[in-house]
Amino acid sequence: MNQRLLKTIGSVLNLISFFSPNLASRIAIHFFSSPQKGRLKGLNAAFLKSAIRDVLDFEGIKIATYHWEGNNETILLAHGWESNTSRWEDLIHILRESGYNVVAIDAPAHGNSSGKLFNALLYSECIHLVAKKFQPHCVIGHSVGGMATVFFQHKYQISSIKKMILLGAPSNFLGVFKRYSNMMGYNESVINAMNQYVLKKYNHLPEYYSAAKFSAEINAEGLIIHDKKDKIIPYSDALDFEKHYSNSKLITTKGYGHGLKNETIYNYILEFLNA
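Description of the structure in this document. Throughout, a residue's number is its position along its own chain's written sequence, starting from 1. Local features in this predicted model are restricted to residues whose pLDDT is 70 or higher, and side-chain atom pairs enter the listing and the counts only when it is 80 or higher, whereas totals over whole chains, interfaces and linings include all residues. Side-chain metrics in this entry use all non-hydrogen atoms of the structure; hydrogen atoms and water are not considered.

### Topic: the layout of surface pockets
Put plainly, a pocket is an open set of points on a 1 Å grid over the protein atoms alone with protein on both sides within 12 Å along at least five of seven lines, a cavity is a set where a 1.4 Å probe fits but cannot get out, and a lining residue has an atom within 4 Å of a point. Grid points are joined across faces, edges and corners, and a volume is the space filled by probe spheres set on the points. What the largest pocket holds in volume is close to 1100 Å³. A run of H or I in DSSP counts as a helix once it spans at least four residues, and a run of E counts as a strand once it spans at least two, with each numbered from the N terminus. Looking at the lining of the largest pocket, the element that brings in the most residues is helix H7 (residues 173–184), giving five residues. Residues are grouped as follows: nonpolar covers Ala, Val, Leu, Ile, Met, Phe, Trp, Tyr, Cys and Pro; charged covers Asp, Glu, Lys and Arg; every other residue, Gly included, is treated as polar. Looking at side-chain class alone, the lining of the largest pocket contains 16 nonpolar, nine polar and five charged residues. Roughly 290 Å³ of volume is contained in the second largest pocket. For the second largest pocket, the lining is made up of 18 residues, of which Ile29, Ser33, Asn119, Lys201 and Tyr202 are closest to its centre. Looking at the lining of the second largest pocket, the elements that each hand over two or more residues are helix H2 (21–32), helix H5 (120–134), H7 and helix H8 (188–202). Residues belonging to the lining of the second largest pocket are distributed by class as follows: 13 nonpolar, three polar and two charged.

### Focus on the packing of aromatic side chains
The pairing test for Phe, Tyr and Trp rings, Trp by its six-membered ring, is centres within 6.5 Å, and the orientation test on the planes gives stacked under 30 degrees, edge-to-face over 60, and tilted for anything in between. All told, the structure shown has 13 aromatic pairs when counted by the stated rule. Summarising the aromatic geometry, the rings of Tyr66 and Trp68 are spaced 6.4 Å apart at their centres and angled 20° between planes, so their arrangement reads as stacked. Relative to Tyr209, the ring of Tyr208 lies with its centre 5.0 Å away and its plane at 85°, an arrangement referred to as edge-to-face. The classification of residues rests on relative accessible area computed with a 1.4 Å probe and restricted to protein chains. Under 20% of the type maximum is buried, over 50% is exposed, and intermediate values are partly exposed. Of the residues examined, Tyr209 reaches a relative accessible area of 9% and is grouped as buried. Each residue in the set Phe32, Phe173, Phe177, Tyr180 and Tyr186 is aromatic and connected to the rest through ring pairs, giving one cluster. Only when the NZ atom of a Lys or the CZ atom of an Arg is both within 6 Å of the ring centre and within 35 degrees of the ring normal do we say a charge sits over the ring. The ring of Trp88 carries the charged tip of Arg87 above its face, separated from the ring centre by 4.7 Å. Lying over the aromatic face of Phe272, Lys163 brings its terminal NZ or CZ to 5.0 Å of the ring centre.

### What to know about the sheet that holds strand S6 (residues 163–167)
If DSSP finds at least two bridges between two strands, the strands pair. Overall, mixed pairing links the eight strands, which are arranged S1-S2-S4-S3-S5-S6-S7-S8 in an open sheet. Either end of the sheet is taken by a strand with one partner, and the two such strands are strand S1 (52–58) and strand S8 (248–253). With strand direction ignored, the average angle separating the axes of adjacent strands in the sheet is 20°. Two strands pair when backbone bridges link them, and S1 and strand S2 (residues 61–68) are joined in this way by seven bridges, in the antiparallel orientation. Along S2, the bridge assignment pairs Asp54 with Thr65. Against the sheet, helix H4 (residues 89–97) touches S2, strand S3 (74–78), strand S4 (101–105) and strand S5 (138–142), its axis set at about 175° to S3. A fitted line through C-alpha atoms represents every axis, and for helices the fit uses only the stretch in contact; the resulting angles, taken between N-to-C directions, go from 0 to 180 degrees. Should any heavy atoms of two residues lie within 4.5 Å, those residues are considered in contact.

### Thoughts on the pairing of S4
With five of five residues buried, S4 lies mostly within the body of the structure. The two faces of S4 match: Asn101, Val103 and Ile105 on one face and Val102 and Ala104 on the other face are all buried. Inspection of the sheet shows S2 paired to S4 by four bridges, in the antiparallel sense. Bridging across to S4, Tyr66 finds its partner in Ala104. In the classification by handedness, the crossover that spans S3, the intervening H4 and the parallel S4 is right-handed. Note on handedness: a crossover is taken as right-handed if, strands pointing away from the viewer, the path from the first strand over the helix to the second is clockwise.

Structure follows, in structure tokens:
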């Protein structure tokens, strides 16, 4: 959607908030949680068909998984917002050439998974479901997939996971919420009502969900890769991870943007995995 339309929607919700803050917050949260892109439309069909495909159930949501068998350690891939497993195609080819056993997940409301709503906490539970089945040695998460990876590992501490790679990952939910609110132009009434909605539904305010702070309690070795010119997730989030995730290394890039799809990035990943 273009900026003018987003601001118009924000203005309407600001007006609604004067009469019913709760209604405005529910609509705002629903809009925040509804991806507009990321479904598969036949693209990369041959590539995805080369995998062993399965569907796991999480509370009625059908989670699509893809498995490329290998004799090396198991790597689990978690894509980001408005994306799907096809974003990993180049990296999967490289990992398979090194013999890795590769598993990928389509997030709720993305790819071939079912559902209409998405958030990092829901995604973290789905990643946990897949991790329990495949017992990965390493999880690679891009963007909110990285945040959700930290959320689930902090909560469940799966012993098989020895390494985590976070690509352009947001370090805290509060920052994500603020950027969304600024993009929409929400007033304080809508913002406060959204905070209370999160508190009521998840028992904590948004600031509690800091992936960076959670990472301090994770033993798995971490690799953080973040581009200094990332226009989606600010580079300061990478520094936040570096501050708290003591068992990690930060690699700063310049010119690869938020997507971080580049041979140089893949070499960093392979070097970390093979170490």
